[in-house]
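What the coordinates show
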Amino acid sequence: MEKEWFTISVYSENNVGLLNRISGIFLKRHINIESLNVSKSEIEGISKFTIVVYTTQEWVRKIVGQIEKQIEVIKAFYHTDEETIYQESALFKIASRLLFDERHIQNIIKDNNAQIVTVSRDFFVLAKSGRRAEVDEMYSQLKPHGIMQFVRSGRIAVSKAEMQISALLEEFQTINK
């Protein structure tokens, strides 16, 4: 089987230690977590882990099965990039002199639909949201001019197809009341 990008969505109770156990599942299989985001989900009291991995479908299926064995996990799903709508966000800290002295920087900002978050005497901060390749492209355009700091968020994603998680979560909430 060929390797490809997968987004794993894990719905769980918010308990201490779960992230460590989930990361251990990947560690045992020598599969790197490329991106990780944890947030509240559409159901109160339930967290959603969004994990991005580059592996085979066989391995991702096994991993999701192992994740679902964790007692706090309600349900886990995996999707290919084609089956999801996703974004990442990035912040770029750049020397302020470049904003005013180099017209090229202003064109990079405009061409990439980036936003200026703040400007100070010594630096300015740009925000860019989009797919990984779009953020990478902006990074490669800014790199020759000097990037003082760079940070990228984990992927946030929703599936294109309906996931039956809402019904499962509502049932879970009813049981735990």
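Preceding this section is the structure that the text describes.
Residues numbered from 1 in each chain as written. Predicted model: local features only at pLDDT ≥ 70, side-chain atom pairs only at ≥ 80, totals over all residues. Heavy atoms only, no water.

**Concerning unusual backbone geometry**
Residues other than glycine seldom take positive phi values, yet His 30 does so here, at roughly 55°. Its location among the elements puts His 30 in the loop between helix 1 (18–28) and strand 2 (33–40). Assessed through its relative accessible area of 75%, His 30 is described here as exposed. (Helix = DSSP H or I, 4+ residues; strand = E, 2+ residues; numbered from the N terminus. Buried < 20%, exposed > 50% of the residue type's maximum accessible area, 1.4 Å probe, protein only.)

**What to know about helix 4 (residues 103–111)**
Buried within helix 4 are the following residues: Ile 105, Ile 108 and Ile 109. Along the axis of helix 4, the buried positions cluster into a sector of 100°, meaning they face one direction only. Across helix 4 from its buried face, at more than 90 degrees, point the exposed residues Arg 103, Lys 110 and Asp 111. Next to the buried residues of helix 4 lie helix 3 (96–101), strand 6 (115–119), strand 7 (123–130) and helix 5 (132–142). Once helix 4 ends, the next one or two residues include Asn 113, with phi positive near 50°. (Arc of directions from axis to C-beta. Contact = heavy atoms within 4.5 Å.)

Geometric values such as these leave the question of function open.
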